Amino acid sequence: MKIILIAGLLASALSACNTTSNAVVVAPVAAAPKNVIFFLGDGMGMTTLTAARTYAVGEDGELTIDTLPETAFIKTYSNDAQVTDSAPSMAAYMTGVKMNNEVISMSADTQAKEPGKDGSNGCVDNNGKSVTTLLEIAKATGLATGVVTTTRVTHATPAATYAHICHRDAENDIAAQFVPGGKGYNPALADGVDVMLGGGSQFFYPTAAKGKRTDGRDLVAELKAKGYGFAGTRAEFDALDVSKTAKFVGLFASSHMSYDLDRDAAKEPSLAEMTVKAIQGLKKNNKGMFLMVEGGRIDHALHETTAKKALQDTVAFDDAIKAALAEIKKTDPELKNTLIVVTADHDHTLVLNGYAKRTGKSSATNPGVLGLVKDVVSGKLSTDADGMPYTIIGFGNGESRGDRKTALDESVVFANSYHQEAAIRTTAGNETHGGTNVFLGAVGKGSDQFYGVMDNTNVFKLIRDAVGL
């Protein structure tokens, strides 16, 4: 009887609490924004990273990338090649799928078919299927999305985030996939990528306007008609008010943007400046953001075997990481809801030669790692089998085998445009990628899951799991 009575009283009390007059309404707590910033140093192998550190801060110095607490090594081979190109390697990060060289964000069975001379029609005859990218997943989840690069925005790395194509050279088609509502648009982007900054305006303008589009379309005009803010100059970039502009695109060069060593700051923003502007625009979304940032011209300088340009662009890429951390910490100081991942898509053949004496950082009066090898014991110039001095940095292959009849001096090898010597001679600009593992660093939400040696496809899953995409 006592048990029944107590139960009855409890039931009566609970019923009273659930009446409209006595109910306590608790406002739902808004979920914290979840952010992913993915940094990709194109071609930034371990040796390039080591050389860039020495160049900028000396052997015992520290770049921002060195401070990232979680680290891993990434396998980069593609579906059909031991040495990957940028298209399938970046696409593996973005989709979790191995694909063939030259292919962008398509299924593994897709064959690379070169586009026509007009840069279009690169995917025909039901050749493979699209595979979903991290950016598309983020868009479907309601996050803001952005792409920042120093290359053409239609180049392989940025394209792998928002486009699907059977050959990376179909850049007219890639550009069309970006423009909401237009012919060839990628519908998985819903109302469109929110921010895109980089080079490559030639694929957005018709031939009549000195572009490369043979279909007569002016994609910049189409973007403006869809409400995008647009910047084609540094002044217009500075004038972009991200508090008033929901979506914006910046195209600062017809092709790639300048190497950082050559960049005119009055004409082109730096990678760090573009990264900060993108974050400021994207973080207005209360659900969060997905942003990809590429230091793309590291790769191009390495193909040229102009090591000084490659190292300076690596430092500029590191500056962008530093700037992004400072900006995102304004709203997420402990990175409890932000994951930052930094890696590369592949290596190159850059090597550090000899038993060089420590050089310290490079300066106007000290070539540093860009100089000649000096013996660690005697301090004298080291020489090769022909009795000639040689540089600390060399390449496994490249356009210059060097003139073994003339001794090198440091005023020559420290020049901005000096092409380092290579063991195997290639045609100009065609030093190749390398196939070794690359470095990955991570910090923030879920970053402790990045460790050991892993395949590039596994990074896709870890990013999704870390922030619940």
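Summarised in this report is the structure supplied together with it. Since this is a predicted model, take the numbers as computed values, not measurements.

Focus on the overall build of the chain
From N to C terminus, the chain includes 13 helices and 15 strands. Principal-axis analysis of the C-alpha atoms places the extent of the chain at approximately 105 × 60 × 45 Å. The 469 residues of the chain split such that 55% are buried. In the chain, once contacts between residues fewer than 6 apart in sequence are set aside, the share between residues at least 24 apart is 70%. When the accessible surface of the chain is summed, it comes to about 19900 Å², and 53% of that surface belongs to carbon and sulfur atoms. Between the mean site of the 46 positive side-chain charges and the mean site of the 53 negative ones, the chain shows a separation of 5 Å.

Quick look at a nonpolar patch on the surface
A contiguous nonpolar surface patch, about 260 Å² in accessible area, is contributed by Met46, Phe73 and Val453. Relative accessible area serves as the criterion here: at 52%, valine 453 is assigned to the exposed category.

Describing the sheet that holds strand β3 (residues 144-152)
One open sheet holds the ten strands; their spatial order is β5-β6-β4-β3-β7-β1-β8-β14-β2-β15, and the pairing between them is mixed. In the strand order of this sheet, the two ends are held by β5 (229-231) and β15 (453-455), each with one partner. Averaged over all pairs of adjacent strands, the angle between their axes in this sheet comes to 15 degrees, without regard to strand direction. Bridge analysis of strand β1 (residues 34-41) against strand β7 (residues 288-295) gives eight bridges, and the strand direction is parallel. Bridge pairing in β7 links leucine 40 to glutamate 294. Each of β1, β2 (70-75), β8 (338-344), β14 (438-444) and β15 is contacted by helix α13 (residues 456-467), which is oriented at about 95 degrees to β15, the strand it contacts most.

Focus: the pattern of salt bridges
In total, this model carries 21 salt bridges according to the counting rule given. Salt-bridge contacts for lysine 309 lead to aspartate 262; the nearest nitrogen and oxygen are separated by 3.7 Å. Note that lysine 309 is positioned in helix α11 (residues 307-328) and aspartate 262 in the loop between β6 (248-251) and α9 (271-282), a separation of 47 residues in sequence. A relative accessible area of 12% means that lysine 309 is categorised as buried. Several salt bridges share partner residues, and in doing so they unite Lys139, Asp191, Asp194 and Lys247 into one network.

A closer look at α11
With 22 residues, α11 extends 32 Å between its outermost C-alpha atoms, agreeing within 8% with the 32 Å of an ideal straight helix rising 1.5 Å per residue. Of all 22 residues making up α11, 19 are buried, and the element is well covered by its neighbours.

Thoughts on the packing of aromatic side chains
Applying the stated rule across the entire model yields five aromatic pairs. Ring geometry for phenylalanine 39 and phenylalanine 317: centres 6.0 Å apart, planes at 75 degrees, overall edge-to-face. With phenylalanine 39 in strand β1 and phenylalanine 317 in helix α11, this pair connects stretches of sequence that are 278 residues apart. Note on phenylalanine 317: relative accessible area 1%, which makes it buried. Note on phenylalanine 237 and phenylalanine 252: the rings are 5.7 Å apart at their centroids and 85 degrees apart in plane angle, and the pair reads as edge-to-face. Of this pair, phenylalanine 237 sits in helix α8 (residues 234-239) while phenylalanine 252 sits in the loop between β6 and α9, placing them 15 residues apart in sequence.

Some points on helix α6 (residues 171-178)
For an α-helix, the turn length of 3.6 residues means that residues three or four places apart are oriented alike. With respect to burial, α6 is a largely interior element, seven of its eight residues being buried. Regarding α6, the residues found buried are Glu171, Asn172, Ile174, Ala175, Ala176, Gln177 and Phe178. Residues of α6 that are buried make contact with β3, α5 (156-162), β4 (195-199), α7 (219-225) and β6.

Quick word on the sheet that holds strand β10 (residues 350-352)
Read across the open sheet, the three strands follow the order β10-β11-β12; overall the sheet is mixed. The open sheet is flanked by β10 and β12 (422-425), the only strands paired with a single partner. Mean inter-strand twist for the sheet, computed between neighbouring axes without regard to direction, equals 25 degrees. Where strand β11 (residues 393-398) and β12 come together, three bridges link them in parallel fashion. In the sheet register, glycine 398 faces β12, and the bridge partner there is arginine 425. Against the sheet, helix α2 (residues 46-57) makes contact with β10 and β11, and its axis sits at roughly 55 degrees relative to β10, the strand it touches most.

Digging into the side chain of asparagine 100
Mapped onto the secondary structure, asparagine 100 falls in the loop between α3 (86-95) and α4 (134-140). Sequence-distant contacts of asparagine 100, defined by excluding residues within four places in its chain, comprise Asn79, Asp80, Pro88, Ala108, Thr110 and Gln111.

Topic: the nonpolar core
Within soluble globular proteins, side chains that are nonpolar generally end up buried alongside one another. Phe38, Phe39 and Phe204 are the most contacted members of the largest nonpolar core, which totals 126 residues. Broken down by element, the residue count for this core peaks at eleven residues, all from α11. Filtering out sequence-adjacent residues up to four positions away, phenylalanine 38 remains in contact with Met90, Tyr93, Met94, Leu291, Met292, Val293, Val341, Thr343, Val459 and Ile463.

Comments concerning the packing of helix α10 (residues 297-304) against α11
As a packed pair, α10 and α11 sit with axes 8 Å apart at the nearest point and diverge in direction by 170 degrees. Judged by the angle between their axes, α10 and α11 are roughly antiparallel. Across from Arg297, Ile298, Ala301, Leu302 and Glu304 in α10, the residues of α11 making contact are Lys309, Ala310, Asp313, Thr314 and Phe317. Classifying every residue of the contact of α10 with α11 by side-chain character gives five nonpolar, one polar and four charged.

Calculation rules
Residues numbered from 1 in each chain as written. Predicted model: local features only at pLDDT ≥ 70, side-chain atom pairs only at ≥ 80, totals over all residues. Heavy atoms only, no water. Helix = DSSP H or I, 4+ residues; strand = E, 2+ residues; numbered from the N terminus. Buried < 20%, exposed > 50% of the residue type's maximum accessible area, 1.4 Å probe, protein only. Contact = heavy atoms within 4.5 Å. Areas by Shrake-Rupley, 256 points an atom, 1.4 Å probe, with all protein chains shown as cover. Lys, Arg positive; Asp, Glu negative; His and termini not counted. Charge placed at Lys NZ, Arg CZ, Asp CG, Glu CD. Patch = residues over 30% accessible without salt bridge, like charges linked within 9 Å, V, L, I, M, F, W, Y side chains within 5 Å. Salt bridge = Lys/Arg side-chain N within 4 Å of Asp/Glu carboxyl O. Pairing = 2+ DSSP bridges. Axes fitted to C-alpha atoms, helices over the stretch in contact; angles between N-to-C directions. Expected span 1.5 Å × (residues − 1). Phe/Tyr/Trp six-rings, centres within 6.5 Å; stacked < 30°, edge-to-face > 60°. Core = buried A, V, L, I, M, F, W, Y, C linked by side-chain atoms within 4.5 Å. Parallel < 35°, antiparallel > 145°, perpendicular 65-115°, else oblique. Nonpolar A, V, L, I, M, F, W, Y, C, P; charged D, E, K, R; others polar.

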